Amino acid sequence: MRTLTIAALAGLAALAAQSAAAKDFVIGLSWNAMDNQLPVKWQEYMQSEGKTQGEAAGVNFKWVINVADANPSRQASNIEDLINQNVNLIIARAEDASAVAASIRAAKAANIPFITFDRQSKTTKPTVHVGGDSYDQAKTTAEAFVALLKEKGVQGKCIELQGSLTDINAVNRSKAWHEVTDKSGVVQTLESVPTEWNPDLFRSGTVNAFRAHPDANCMFLASDFALPAVQSALESVGKWAKRGDSNHVWIASQDVFPEAVKAMQDGYVDDGTSYDAYAHAKEAIRQAVLIAKGEKPDCPDGNCLVKGRLVTQENVNTIQNLWSRPDK
Amino acid sequence: MTAIAQGTLGHWFTRNGFLLIVIALFLFFSIVTQHFASVANVLAMAHTMAPLVIIASGLALVVFTGKLDISVGSIAFLSSAIAVLLMHDAGVNAPLAFLAALVTGALLGALNGFVVVFLGINPLIATLGSMIALRGVALQLTNAILIALPESVRGLGNATIGGVFVDVIIAAVILIVVHVLHRRTVFGRRLDAIGNGEDNAIRIGIPVPQTVFLSFVASGFLASVGGLIGLLQVGAISSYLGKGMEFTAVAAIVVGGVSLFGGRGTILPGVLLGAFAFTMIANGLNQMSADPYAYKLVTGGLIFIAMYVDALRTRRLRRIPIRPPAQAAS
């Protein structure tokens, strides 16, 4: 009888230990493309945060990752694959803000929670959205840019390099830029050039625009990940010059990638608003932990939007925790 | 439908219509925009189209044989990626890294040629496979991120001699060499002969497998040259390098009057005009601040017209019903 009791107690203890161990939770991560440092950093930070936050919460995050090479149809099929693998949560950065709606609905039908990451769906609400506040990002940059040109007594005639028009962040940035500058009386946008996020179009679009508008003296970049292409274009038209030089083109940019940090330190780019890869990833994992524990995500109206910070030539070396600065 | 008789307006149009369209478009953009016809802008267009004309001229050598190589964009990407990684990660000096890229391009072209000629796989399918696989390898090697060129070589893309971009001069030399190769050498005549009928070419003793193989090697080599020039222009490698270039190059070739059925067309002025047309449309619409989607519509329309004219010509020459290009390419 005594032996039987001991065996039963041992069995119960083993069961209790098993339930106390971290439970596996599989996240299906769908990238639209891995075409610059941001997705690479996001993924790196998500996985490291998954480990840190997961351990603290008793969740063992496992990852299934796929990439759609900027093809919305392939992304839909990649997400379908994740649903068929019965992952516990899908996190997707959409290639197309409209097309992702069908994937969100399919995941909902399969009872799989869905986090849209970085790029919101235009039409369908996911479980929660986590990303940067791209409208606020461009607004912050544009307001600072208008103030800067006003202070320097410059009448800005700008070329706008837009992103992909199927990317809601690109649309938001363009909208905010125009809302601030069109009525500013200081900055006028002479031409908006769509780049489809293709660095080659950043280059040729800039050259074409400056040929069409030789009096242009400023630019707004929807992202500075392709700054080397813009630099090459400006060099070819003799307008890559530091602030203070008569040929200087005033540049307001978005994201503040490593290339932009250096260009800002060297005096070529004037201001930009950061896109905080670490904060985005951390927030996404915080929401994933809540979902894994069976709790409700806690973003206001289902949107967790992380604001960027204004980076200028004056503060680029001192602003704290700038992921793209070499010392980070 | 009857074939178009020689000496008629229709016949003249099928021979020279495209040149007229290019001239008309040039005049149109010159009138509606202020700076389109400036010397600086024409030089900028030549600069932009340099990678395209080089890649298209190499691809044309394959198309003359009635075959197709749709992996040129991926070869451009992979060979350029190798050059960048050699410089960036291994500290190899630029000339050696560029040489490695050119050798890579030729080898990848040889691989395509081997698969098509010696394994007998349909060129469209074979190069579709290499297009996907080679891009995958390049994405993996570069981690799909944008890598800026070292400062020591970054300025080469904008280097000029007497106000003309160096890459424009390189493109012009390559165009002339490829044109001479096509029109003035035994190799060039063999390409056309194979395109006009492979069975007949074999019967008259043309070494068809070797000639087709060499055309793929040349195509791969020139794809890597075009890739390097594109890389130097942008100043960084990104996953967009060469993306869609295969289709733009095919379009430039077809619009320039090279038949996808093989055996007909010219490098000069054909391929040059075709590439210029696409670059001019992008530049002109850009200067007009046209709707971004207008470019796709206009270029699509241009390709359609060119294909139709090509089909008309082929019917006139061969007096046979039009065959779908996919069959002709096999």
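None of the values given here were measured: they were computed from a predicted structure. (Residues numbered from 1 in each chain as written. Chains lettered and ligands numbered in written order. Predicted model: local features only at pLDDT ≥ 70, side-chain atom pairs only at ≥ 80, totals over all residues. Heavy atoms only, no water.)

**Overview of the overall build of chain B**
Point 1. Looking only at helices and strands, chain B has 14 helices and four strands in total.
Point 2. Expressed as a percentage of its 330 residues, the buried residues of chain B come to 54%.
Point 3. By sequence separation, contacts in chain B at least 24 residues apart represent 79% of the contacts at least 6 residues apart.
Point 4. Of the roughly 13800 Å² that chain B leaves accessible, carbon and sulfur atoms contribute 70%. (Helix = DSSP H or I, 4+ residues; strand = E, 2+ residues; numbered from the N terminus. Buried < 20%, exposed > 50% of the residue type's maximum accessible area, 1.4 Å probe, protein only. Contact = heavy atoms within 4.5 Å. Areas by Shrake-Rupley, 256 points an atom, 1.4 Å probe, with all protein chains shown as cover.)

**Description of the nonpolar core**
Point 1. Core analysis: the biggest nonpolar cluster contains 153 residues, and M219(A) and L234(A) have the highest contact counts within it.
Point 2. It is helix 2 (residues 39–64) of chain B that provides the largest number of residues to this core, a total of 14 residues.
Point 3. Each residue touching L234(A), except ones within four places of it in the same chain, is listed here: T206(A), F210(A), M219(A), K239(A), W240(A), V249(A) and I251(A).
Point 4. The next biggest cluster of nonpolar side chains, apart from the first, holds 17 residues, and it includes V146(A), L148(A), C158(A) and C218(A). (Core = buried A, V, L, I, M, F, W, Y, C linked by side-chain atoms within 4.5 Å.)

**Some details on the sheet that holds strand 4 (residues 114–117) of chain A**
Residue and element names in this part refer to chain A.
Point 1. Within the open sheet, the six strands sit side by side as 2-1-3-4-5-11. Their pairing is parallel. Each having just a single partner strand, strand 2 (59–67) and strand 11 (303–306) make up the two edges of the open sheet. Ignoring strand direction, the axes of neighbouring strands in this sheet form an average angle of 20 degrees.
Point 2. Bridge analysis of strand 3 (residues 89–92) against strand 4 gives three bridges, and the strand direction is parallel. Bridge pairing in strand 4 links A92 to T116. (Pairing = 2+ DSSP bridges. Axes fitted to C-alpha atoms, helices over the stretch in contact; angles between N-to-C directions.)

**Let's talk about the sheet that holds strand 10 (residues 271–274) of chain A**
Residues and elements named next belong to chain A.
Point 1. Spatial strand order, 7-6-8-9-10-12: six strands in an open sheet with mixed pairing. With one partner strand each, in any of the chains shown, strand 7 (187–194) and strand 12 (310–312) form the two edges of the open sheet. Going across the sheet, the axis of each strand differs from the next one's by a mean of 20 degrees, ignoring polarity.
Point 2. Pairing of strand 10 with strand 12 involves three bridges; the strand directions are antiparallel. Note that in strand 12 the partner of D271 across the bridge is T312.

**Quick look at the pairing of strand 4 of chain A**
Strand residues, when the strand is regular, have side chains that alternate between the two faces of the sheet.
All names here are of chain A.
Point 1. Going residue by residue along strand 4, you find F114 and T116 tucked away on one face and I115 and F117 tucked away on the opposite face as well.
Point 2. In this view, the connection linking strand 3 to its parallel neighbour strand 4 by way of helix 4 (residues 100–109) has right-handed handedness.
Point 3. When strand 4 meets strand 5 (residues 128–132), the two strands line up parallel, connected through three bridges. From the neighbouring strand, I115 faces strand 5, where its bridge partner is V128. (Right-handed = clockwise from strand over helix to strand, strands pointing away.)

**Considerations on the interface of chain B and chain A**
Point 1. At the interface, 33 residues of chain B touch 33 residues of chain A.
Point 2. Buried surface at the junction of chain B and chain A, both sides included, amounts to about 2700 Å², of which 51% is carbon and sulfur.
Point 3. The largest share of the area that chain B buries against chain A comes from L146(B), V234(B) and Y240(B), three residues that together contribute 24% of it.
Point 4. Where chain B packs against chain A, one counts one salt bridge.
Point 5. Taking the shortest distance from any N to any O, the salt bridge between E235(A) and R154(B) comes out at 2.6 Å.
Point 6. Counting across the chain B and chain A interface gives eight residue pairs in polar contact (both at pLDDT 80 or more). (Buried area = accessible area lost by both parts, 1.4 Å probe. Salt bridge = Lys/Arg side-chain N within 4 Å of Asp/Glu carboxyl O. Polar contact = N/O pair within 3.5 Å; in protein donor to acceptor, adjacent residues only side chain to side chain.)

**Thoughts on the state of the cysteines**
Residue and element names in this part refer to chain A.
Point 1. Throughout the structure, instances matching the rule amount to two disulfides over all chains.
Point 2. A disulfide bridge connects C158 with C218, and the sulfur atoms are separated by 1.9 Å. On the sign convention where negative means left-handed, the S-S torsion of about -115 degrees between C158 and C218 marks this disulfide as left-handed. Of this pair, C158 sits in strand 6 (residues 156–162) while C218 sits in strand 8 (residues 218–221); the two residues are 60 residues apart in sequence, bridging distant segments of the chain.
Point 3. Linked covalently through their sulfurs, C299 and C304 form a disulfide whose S-S length is 1.6 Å. Judged by the torsion about the S-S bond (-95 degrees), the C299/C304 disulfide is left-handed. (Disulfide = S-S within 2.5 Å.)

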